[in-house]
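# Structural overview for review
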Amino acid sequence: MKVKEILEKAYHESNLTKDEIKLLLMAEGEDKDLLFKTADRVRKEHVGDEVFLRGLIEFSSYCKNDCFYCGLRRSNQNAQRYRMQEDEIVEVAKRAYQMGYRTVVLQSGEDMYYTKDRLCSIIKKMKRVVDVAITLSIGERSYDEYKVFKDAGADRFLMRFETSNEKLYRKYHPGMSFENRIECLKWLKKLGYELGTGFLIGLPGQTLDDLAQDIILVKELDADMIGIGPFIPHPQTPLKDAKEGSVDLTLKSIAILRLLNPDANIPATTALGTLDPLGRQKGLMCGANIVMPNVNRLEYKLKYELYPGKICINEDATKCRGCIESIIVSVGRKVGQGKGQSRHYKRAS
Ligand code: SAM
Ligand code: SF4
Ligand code: FES
């Protein structure tokens, strides 16, 4: 089957086989251009020209896990650890609101200092004080905790499954279980969260077949938001000498994910912008419709080092707000108004 025919099928059916996905991941030249153009068209037809902003608040750099790729892993003795307190987190959300953000993402390592009660209190206070949608990105918890956070006012949840290859998952996530991660994602969906998931591109040992399977798993999980990004080696991790993930494969994956999930929210991620100065613009032009600038204070941005060379690390939140708007306008789009709920989620509910 030719790439053109595969794209016709994807456009009409929002479905592809693993072999067809693999062919698209290998597309080059005119075929690749056509993949990006088709994904951009599907994006325009299903989610329009608005690009929604998410204000990222990274509130703790402590983590009990030891993921091989991440600078926050508990074995990294050189990581700079911090925890923000409730008032400070809510204050940052307020500032983000004043800058025009209508969604904040509360992200952290898996830090059990933030108990069920502490997190509930943060969510409730934030909801009382600012009219924002709250996305949690805090990793694995119990069904009961997820339920309590939802009842407290959390709207959305982001948790990547990182890789669908269970062998690789086991290798890079000591003490964790792929099965539990997927179980958590299913609970979150059942509890009515707007569900975000995704994977890393270019983990050492990952094959094209794995990547195609990752793309299929996202669809099977019925994700409302899909966050993917290239792996970037961190010097204080076991993967320090590994090769970084490919920008090209990331862009192709974004495009294919858009074809298969026409009305989902898909960000052009910071990691993509870190490996390529125009990475976010390119992402927005092949299917993405979301950007997630960091709205935290500089002091914390510097300490939350998942990987080296992160963009925006020396810019304050006001500067990023202006910068991101010019990026959006430069690709012929406009900043979204409102909370930017996933149309996929809206359609299902
Ligand atoms: N601890 C939570 C979790 O793991 O879901 C949320 C925070 S975690 C830092 C957010 C994401 O960062 C992870 O899902 C992972 O894909 C990404 N990440 C971590 N280290 C990375 C690296 N070296 N390169 C690219 N992305 C990385
Ligand atoms: Fe912790 Fe998340 Fe980093 Fe894994 S990816 S070490 S869970 S912060
Ligand atoms: Fe932060 Fe451009 S978005 S400096």
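Summary of the structure given here. Predicted, not measured: the structure shown is a model, and the values here were computed from it. (Residues numbered from 1 in each chain as written. Chains lettered and ligands numbered in written order. Predicted model: local features only at pLDDT ≥ 70, side-chain atom pairs only at ≥ 80, totals over all residues. Heavy atoms only, no water.)

## As for the site of ligand 1
Our working definition: Note on definitions. A residue lies near a molecule or strand when any single heavy atom of the residue is within 4 Å of it. We define a polar contact as two N or O atoms separated by no more than 3.5 Å, with the added condition that, inside protein, one atom must be a possible hydrogen donor and the other a possible acceptor, whereas residues neighbouring each other in sequence contribute only through side-chain atom pairs. Lys, Arg, Asp and Glu make up the charged group, whereas Ala, Val, Leu, Ile, Met, Phe, Trp, Tyr, Cys and Pro make up the nonpolar group; the residues left over, Gly among them, are polar.
Inspection of the region around ligand 1 gives 16 residues, with Tyr69, Ser108, Arg160, Glu162 and Ile232 positioned closest. Serine 108 has a polar backbone atom sitting 3.1 Å from a nitrogen atom of ligand 1. Residue arginine 160 places a side-chain N or O atom 2.9 Å away from an oxygen atom belonging to ligand 1. Looking at the shell around ligand 1 residue by residue, the class counts come to nine nonpolar, four polar and three charged.

## A closer look at empty space enclosed by the protein
Convention followed: Two kinds of site are reported from a 1 Å grid over the protein atoms alone, namely cavities, where a 1.4 Å probe fits but cannot get out, and pockets, open sets with protein on both sides within 12 Å along at least five of seven lines, and residues are called lining when an atom falls within 4 Å of a point. Grid points are joined across faces, edges and corners, and a volume is the space filled by probe spheres set on the points.
Applying the stated criterion across every chain, the model contains four cavities of 30 Å³ or more. Here the second largest cavity is characterised by a volume of approximately 100 Å³. In terms of lining residues, the second largest cavity is bounded by Leu56, Glu58, Thr270, Arg280, Met292, Pro293, Asn294, Lys301, Lys310, Ile311, Cys312 and Ile313. A breakdown of the residues in the lining of the second largest cavity according to their chemical character gives six nonpolar, two polar and four charged.

## What to know about the pattern of salt bridges
Which entries qualify depends on this criterion: When a carboxyl oxygen of Asp or Glu lies within 4 Å of a side-chain nitrogen of Lys or Arg, that pair is called a salt bridge. Each helix is a run of H or I in the DSSP string that is no shorter than four residues. Each strand is a run of E no shorter than two, and both are numbered from the N terminus. When a residue's accessible area, from a 1.4 Å probe over protein chains only, is under 20% of the maximum for its type it is buried; when over 50% it is exposed; and in between it is partly exposed.
Tallying each qualifying case throughout the model produces 33 salt bridges. In this structure, aspartate 248 engages lysine 252 in a salt bridge whose closest nitrogen and oxygen atoms are separated by 3.0 Å. Taken together, the residues aspartate 248 and lysine 252, both in helix 10 (residues 247-260) and four residues apart, mark about one turn of the helix. What makes aspartate 248 partly exposed here is its relative accessible area of 25%. The buried category is assigned to lysine 252, whose relative accessible area is 2%. Here arginine 297 and glutamate 299 are joined by a salt bridge, their closest N and O atoms 2.3 Å apart.

## Overview of the site of ligand 2
The local shell around ligand 2 consists of Cys63, Asn65, Cys67, Tyr69, Cys70, Arg73 and Gly109. Partitioning the shell around ligand 2 into residue classes produces four nonpolar, two polar and one charged.

## Observations regarding the sheet that holds strand 11 (residues 334-335)
For the record, the criterion: Only when DSSP finds a minimum of two bridges between them are two strands counted as paired.
Spatial strand order, 10-1-11: three strands in an open sheet with parallel pairing. Each edge of the sheet is formed by a strand with only one pairing partner; in this case those strands are strand 10 (290-291) and strand 11. Pairing analysis gives two bridges linking strand 1 (residues 50-53) to strand 10, with the strands arranged parallel. Bridge pairing links leucine 53 to valine 291 in strand 10.

## Here we look at helix 9 (residues 208-220)
Applied cut-off: Each residue after the first adds 1.5 Å to the expected span of a helix. Every residue pair with non-hydrogen atoms within 4.5 Å of one another is taken to be in contact.
In this model helix 9 runs 18 Å from its N-terminal to its C-terminal C-alpha over 13 residues, within 8% of the 18 Å that 1.5 Å per residue would give. Turning to helix 9, its buried residues number three or more, namely Asp210, Leu211, Ala212, Asp214, Ile215, Ile216, Leu217 and Val218. In this structure, the buried residues of helix 9 make contact with helix 2 (18-25), helix 7 (166-172), helix 8 (178-190), strand 7 (200-201), strand 8 (225-226) and helix 10. A positive backbone phi angle near 60° is found at aspartate 222, which sits one or two residues after helix 9.

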